[in-house]
Amino acid sequence: MKQLDKLHLVTEGMSAWLIEHLWNRLATKGGFEFSHIVHPSYARASWAEDQIPENIHFLREYYDTQMPPADRLFLASLEREGVPTIHNMIMSDRHVSKLPYGDALGYATFLARRLSDLFLEAKPSVIIGGFDGLHGSMALAVARKMGIPWYALLFSVIPSGRAALCASLSPASVVVFDELRETTLRGEAERHLSTFETRALHAPAYIPPKLDSPTVLLKQVPSQMRALRRVLLRRKLRNFLKYTDYANSYSVSAQFKEAFRLRKNMWRLRGCSLIETPIEGRYAFFGLHTQPESSIDVLAHFYSNQLRVIELMARSLPPTHTLLVKLHKSDGANYSREQLANLARFPGVELVSPYADSFELIRGADLVFTIQGTIGLEAALLGKPLILFGDSPVKIFPSASSIGKAIDLPELVRGKLAEIPPDRSQIVEAFACFLAPYYSASLNEWSIPPSDAEIDGYVKLFSALENHVREGCEVGCNSVNASNPQPV
């Protein structure tokens, strides 16, 4: 097939803010051609008609869009290697998973058909999707069946402010566009590792207020009143929003119940006996993920039941070691006292305060477990024996091992506990390889627009993507159908 004259990049699931502040600026500065299929929480009626450019498309045209009956055979036809099953797509969606099963299948059917129609209409060379929501997983499934390349942005945490592109819903599918880049990054990897070891470099994290101080509660009143006003304005759209928004975003009673639950849990957390510092004895360490969250519910969906993961670890550790399970610093209020007791009911398990120092706990551990996320990278950078449950790019580090079969976990644990730590040079080499797919960009935090310098970084990343796709078209890779996609 001849080389494409100009690539047409179509984003799926983006907000109006991102289109304005990221994608339009990227198109202007880099000379890219973009179209956008906006997030399903938008309907055409939610945009002023005279402000809708031709390159903006909607999954739902009207607020009263009716969902079709579930087409189970059609949905099953989308399942293939590298694509989550339909059931995993549903269970990984924080909103659709709460709906009756029939409603969820009807919405999935609607999304698949509508995405197929829009892909045929827009004729994308590449789809730029995301990890969140049923719509994101479905866009990947439809793109795969139609032979259209699909990518999603993945953001770094150590160091922060970098972005890469994944080719599937696994962070381990991150794409290296320049094979020689790894060798040029070794000096940089050495510097970042040194600053990490001295704690001058760390992963950004949101730590919410403890909600147990009258002063904090009073400070939250204005924002809560604004939220209540939004709820009252959106109540009439509950049938439209139920697929994409939390119930308490359009229900006053649900909002009050959720606020009461969080405050009750945080208040009762003060009375729980939680570990604050590393213990004297030998221990393994595991940090809970906040849920719902794409890093576990999408990127490691078969291990999203964290209670089951804790049980696997507890059953596999020898009695010489305690398993310290740390509550997530952003999620402490989500656990009731009863849930905490359930987490700690397995032999040798003790719970750690969400405000404890994870770095010190990792440094004192004989073994670290992780599903996905930052703790795995921190442990690998410190050379700690590490067992990964999810398919993570951290697996390239010398101290990291993937779980394999659950029945073999005790043997793997014994081997890791006896393992000789890697040389620092090996860690630096792995870190340079880990950083190779990433380009300077912005934080994955969209409260402020990216700077011009950050947009320049995105231009470099997407220029590398264009070259990658063009080369693929020349040799007949999976992008050969991009300019003439076939209907699902």
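First things first, this report covers the structure right here in the doc. (Residues numbered from 1 in each chain as written. Predicted model: local features only at pLDDT ≥ 70, side-chain atom pairs only at ≥ 80, totals over all residues. Heavy atoms only, no water.)

1. Considerations on the overall build of the protein
Here's step 1: The helix and strand inventory of the protein stands at 19 helices and 13 strands.
Here's step 2: Put simply, the protein has 488 residues, and 51% of those count as buried.
Here's step 3: Taking all contacts inside the protein whose residues are at least 6 apart in sequence as the whole, residues at least 24 apart take part in 70%.
Here's step 4: A total of about 22700 Å² of accessible surface is found on the protein, and carbon and sulfur atoms cover 53% of it. (Helix = DSSP H or I, 4+ residues; strand = E, 2+ residues; numbered from the N terminus. Buried < 20%, exposed > 50% of the residue type's maximum accessible area, 1.4 Å probe, protein only. Contact = heavy atoms within 4.5 Å. Areas by Shrake-Rupley, 256 points an atom, 1.4 Å probe, with all protein chains shown as cover.)

2. Details of the sheet that holds strand β7 (residues 283-287)
Here's step 1: Read across the sheet, six strands follow the order β9-β8-β7-β10-β11-β12 without closing on themselves; strand pairing throughout is parallel. Looking along the sheet, the strands with just one partner apiece sit at the ends: β9 (349-352) and β12 (400-402). Mean inter-strand twist for the sheet, computed between neighbouring axes without regard to direction, equals 25°.
Here's step 2: Across five bridges, β7 lies against strand β8 (residues 322-326) in parallel orientation. Residue pairing for β8: A284 is matched across the bridge by L323. (Pairing = 2+ DSSP bridges. Axes fitted to C-alpha atoms, helices over the stretch in contact; angles between N-to-C directions.)

3. So, the pairing of strand β6 (residues 160-166)
Each regular strand carries side chains that alternate between the two faces of the sheet.
Here's step 1: Burial analysis of β6 places six of its seven residues in the buried class, which makes it a mostly covered element.
Here's step 2: The turn joining strand β5 (residues 150-157) and β6, which pair antiparallel and follow one another in sequence, is formed by two residues.
Here's step 3: In this sheet, strand β13 (residues 439-440) lies alongside β6 in antiparallel orientation, the contact comprising two bridges. Counted as the bridge partner of R162 is S440 from β13.

4. A word on the environment of R337
Here's step 1: The topology assignment puts R337 in helix α14 (residues 337-343).
Here's step 2: Overall, the relative accessible area of 37% leaves R337 in the partly exposed class.
Here's step 3: Separated by 68 residues in sequence, R337 and L269 have C-alpha atoms that sit 7.0 Å apart.

5. A word on the pairing of strand β1 (residues 8-14)
Here's step 1: The buried fraction of β1 is high, at seven of seven residues.
Here's step 2: Inspection of the sheet shows β1 paired to strand β2 (residues 33-38) by six bridges, in the parallel sense. Each residue of the ladder has a partner; that of E12, found in β2, is I37.
Here's step 3: On the question of chirality, the crossover connecting β1 to the parallel β2 by way of helix α1 (residues 16-30) is right-handed.
Here's step 4: As paired elements, β1 and strand β4 (residues 126-129) share three bridges and run parallel to each other. Within β4, the position partnered with V10 by the bridge is I127. (Right-handed = clockwise from strand over helix to strand, strands pointing away.)

6. So, the environment of Y458
Here's step 1: Counting through the fold element by element, Y458 comes out in helix α19 (residues 452-475).
Here's step 2: For Y458, a relative accessible area of 0% translates into the label buried.
Here's step 3: With 294 residues separating them in the primary sequence, Y458 and A164 have C-alpha atoms 9.3 Å apart.
Here's step 4: Residue contacts for Y458: discarding those within four places in its chain leaves L22, L26, L153, F155, A163, S440, A441, S442 and W446.

7. Considering the packing of helix α7 (residues 186-197) against helix α18 (residues 424-435)
Here's step 1: The contact between α7 and α18 brings their axes to 8 Å, and the two run at 110°. By the angle between their directions, the pair α7 and α18 is classed as roughly perpendicular. Crossing handedness for the pair α7 and α18: right-handed. Note on element contacts: α18 touches α7 through R424, I427, V428, E429, F431, A432 and L435, opposite R186, A189, E190, H192, L193, S194 and E197.
Here's step 2: Split into classes, the residues belonging to the contact of α7 with α18 amount to seven nonpolar, two polar and five charged. (Parallel < 35°, antiparallel > 145°, perpendicular 65-115°, else oblique. Left-handed = near helix turned anticlockwise from the far one by under 90°. Nonpolar A, V, L, I, M, F, W, Y, C, P; charged D, E, K, R; others polar.)

8. Comments concerning the nonpolar core
In globular proteins that are soluble, nonpolar side chains generally tend to be buried together.
Here's step 1: Formed by 82 residues in total, the largest nonpolar core has its most connected members in F119, M138 and F397.
Here's step 2: Membership of the second largest hydrophobic core comes to 35 residues, among which are I19, V38, A464 and V469. (Core = buried A, V, L, I, M, F, W, Y, C linked by side-chain atoms within 4.5 Å.)

9. Brief notes about the layout of surface pockets
Here's step 1: Considering only enclosed or pocket space, the second largest pocket measures out at about 620 Å³ in volume.
Here's step 2: Lining the second largest pocket are 25 residues, and of these Q291, D297, S304, N305 and Q306 lie nearest its centre.
Here's step 3: Listed by contribution, the elements that provide at least two residues to the lining of the second largest pocket are α3 (86-91), α13 (306-316) and α14.
Here's step 4: It is α14 that provides the largest number of residues to the lining of the second largest pocket, a total of three residues.
Here's step 5: Of the residues that constitute the lining of the second largest pocket, the class distribution is seven nonpolar, twelve polar and six charged. (1 Å grid on protein atoms, 1.4 Å probe; cavity = no way out; pocket = protein on both sides within 12 Å on 5 of 7 lines; lining within 4 Å. Points joined across faces, edges and corners; volume = space filled by probe spheres on them.)

10. Re the pattern of salt bridges
Here's step 1: Applying the stated rule across the entire model yields 19 salt bridges.
Here's step 2: A salt bridge links E61 to R44, with the shortest nitrogen-to-oxygen separation between them at 2.6 Å. Taken together, the residues E61 in the loop between β3 (56-57) and α2 (72-76) and R44 in the loop between β2 and β3 connect sequence positions 17 residues apart.
Here's step 3: Given the relative accessible area of 22%, E61 is considered partly exposed.
Here's step 4: Judged by its relative accessible area of 23%, R44 falls in the partly exposed class.
Here's step 5: Between E188 and R162 there is a salt bridge; the shortest N-O distance is 1.9 Å. Taken together, the positions of E188 in helix α7 and R162 in strand β6 put the pair 26 residues apart, joining distant regions of the chain. One exposure class covers both E188 and R162, and it is buried.
Here's step 6: Through salt bridges that share partners, R199, D357, E360 and R363 make up one connected network. (Salt bridge = Lys/Arg side-chain N within 4 Å of Asp/Glu carboxyl O.)

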